[in-house]
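So the chains spell out like this:
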Amino acid sequence: MVTVSEAAPRVEALSSSGIKSIPKEYVRTKEELISITNIFEEEKKEEGPQVPTIDLKDINSDDEFVRNKCRQQLKEAAIEWGVMHLVNHGISDELIERVKIAGEAFFNQPIEEKEKYANKQESGMIQGYGSKLANNACGQLEWEDYFFHLIFPEEKREMSIWPKNPSDYTEVTAEYARLLRGLVSDMLSTLSLGLGLEEGRLEKEVGGIEELALQMKINYYPKCPQPELALGVEAHTDVSALTFILHNMVPGLQLFYQGKWVTAKCVPNSIIMHVGDTVEILSNGKYKSILHRGLVNKERVRISWAVFCEPPKEKIILKPIPEVVSEAEPAMFPPRTFAQHMQHKLFRKTQDELLSK
């Protein structure tokens, strides 16, 4: 496995330096380059499959028929796509706008200010401001900087790493975390019922209110002089149970659906929800953890706020829930801890890259 001893330069610094061509470490493989296109043109396309939009206003309706119809739509989207735009999700547009303004204000500071919050990936301190190290066999880098921190449960937060500027960053992010945690429970309940399980089962399987960690990663994708050669985030599935994403209405997210890359539209006032590997495993593959990636562009900075809902690394054994396994549908995944699952993915990715050389 290729590693680097020191951090790559911040991508923002590269972008603002006036370079006309990107360093070779950011250039993707021939196989990837074939499918990288102009993201703005892709987003305009109306033909072909589109990421489903689920209106949650009736998810807890007193009318059983109305409630079940909404839950069925969400279940079908999780089975067919594993990703969806959630609207009427119960978190106010005003709060979401404040979260975005605060995150954007942090990244608008000079790089030297942000460096005060720099992480130390080599020593295992992953929270804070960073850029991806080359942890793949090809030594490739992604066109993004980021800020990463745990936002829930409250008692597990490392407040020393939370930005002091802007001054309301902590207030709005903490409030968003609290409300999002309620939405997480609602979504896990609906997905549990969709598997024919009791409402609280998936929540329990991923650690419950005490152990399920919400980790926020603010992804900052600077303008790229050669977007046709780079990726903001390479193709991957999320290891989380669920992932919730806000963005600044600049397109970039693509999903690999039915053998093709599909661009997610920018749906106003929505939160994107991904099913992660953890729920795919627990559901024995009934719910999909979809392969996705992020494209970049040369006109506009893209920012996204991804919250990964992760079970404890060692305490829980991830395996298909017994009730969803049968003789006709045997277990598709071996038992592993969350930490073992992450290691397995990294090892398999490295092996695939070495074999493709």
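Rules behind the numbers
- Residues numbered from 1 in each chain as written.
- Predicted model: local features only at pLDDT ≥ 70, side-chain atom pairs only at ≥ 80, totals over all residues.
- Heavy atoms only, no water.
- Axes fitted to C-alpha atoms, helices over the stretch in contact; angles between N-to-C directions.
- Helix = DSSP H or I, 4+ residues; strand = E, 2+ residues; numbered from the N terminus.
- Parallel < 35°, antiparallel > 145°, perpendicular 65-115°, else oblique.
- Left-handed = near helix turned anticlockwise from the far one by under 90°.
- Contact = heavy atoms within 4.5 Å.
- 1 Å grid on protein atoms, 1.4 Å probe; cavity = no way out; pocket = protein on both sides within 12 Å on 5 of 7 lines; lining within 4 Å.
- Points joined across faces, edges and corners; volume = space filled by probe spheres on them.
- Nonpolar A, V, L, I, M, F, W, Y, C, P; charged D, E, K, R; others polar.
- Phe/Tyr/Trp six-rings, centres within 6.5 Å; stacked < 30°, edge-to-face > 60°.
- Buried < 20%, exposed > 50% of the residue type's maximum accessible area, 1.4 Å probe, protein only.

Peer 1: Any chance you could explain the packing of helix H5 (residues 93-107) against helix H7 (residues 169-194) here in plain terms?
Peer 2: To describe two helices that pack against each other, one gives the angle between their axes and the distance between the axes. It is the contact of H5 with H7, at a shortest axis distance of 9 Å, that shows an interaxial angle of 135 degrees. Taken as axis vectors, H5 and H7 run oblique relative to one another. Handedness of the H5/H7 crossing: left-handed. Contact residues: H5 offers Leu 95, Ile 96, Arg 98, Val 99, Ala 102 and Gly 103, while H7 offers Tyr 169, Glu 171, Val 172, Glu 175, Tyr 176 and Leu 179.

Peer 1: Help me understand empty space enclosed by the protein, please; the structure alone is not making it clear to me.
Peer 2: Rolled over the atoms, a probe sized like a water molecule indicates the empty space that remains. For the structure on display, the rule yields one cavity of 30 Å³ or more. In this structure, the largest cavity encloses a volume near 50 Å³. In terms of lining residues, the largest cavity is bounded by His 247, Val 250, Pro 251, Gly 252, Leu 253, Ala 264, Lys 265, Cys 266, Ile 272 and Arg 302. Among the residues forming the lining of the largest cavity, the class breakdown is six nonpolar, two polar and two charged.

Peer 1: Would you take a moment to explain the packing of aromatic side chains for this structure?
Peer 2: Within a pair of aromatic rings, the relevant descriptors are the distance that separates the centres and the angle that separates the planes. Applying the stated criterion to the full structure yields eleven aromatic pairs. Between Phe 106 and Phe 147 the ring centres are 5.0 Å apart and the planes differ by 65 degrees, which places this aromatic pair in the edge-to-face class. Of the two residues, Phe 106 sits in helix H5 while Phe 147 sits in strand S4 (residues 145-152), which places them 41 residues apart along the sequence. The residues Phe 106 and Phe 147 share a single accessibility class, namely buried. On the basis of an interplanar angle of 75 degrees and a centroid distance of 6.4 Å, the ring pair of Tyr 117 and Phe 147 is categorised as edge-to-face. Note that Tyr 117 is positioned in the loop between helix H6 (111-114) and strand S3 (128-131) and Phe 147 in strand S4, a separation of 30 residues in sequence. Take Tyr 117 and Phe 147: they sit in the same class, and that class is buried. Every member of this aromatic cluster is reached through a ring pair, and the members are Phe 106, Phe 107, Tyr 117, Tyr 129, Phe 147 and Tyr 220.

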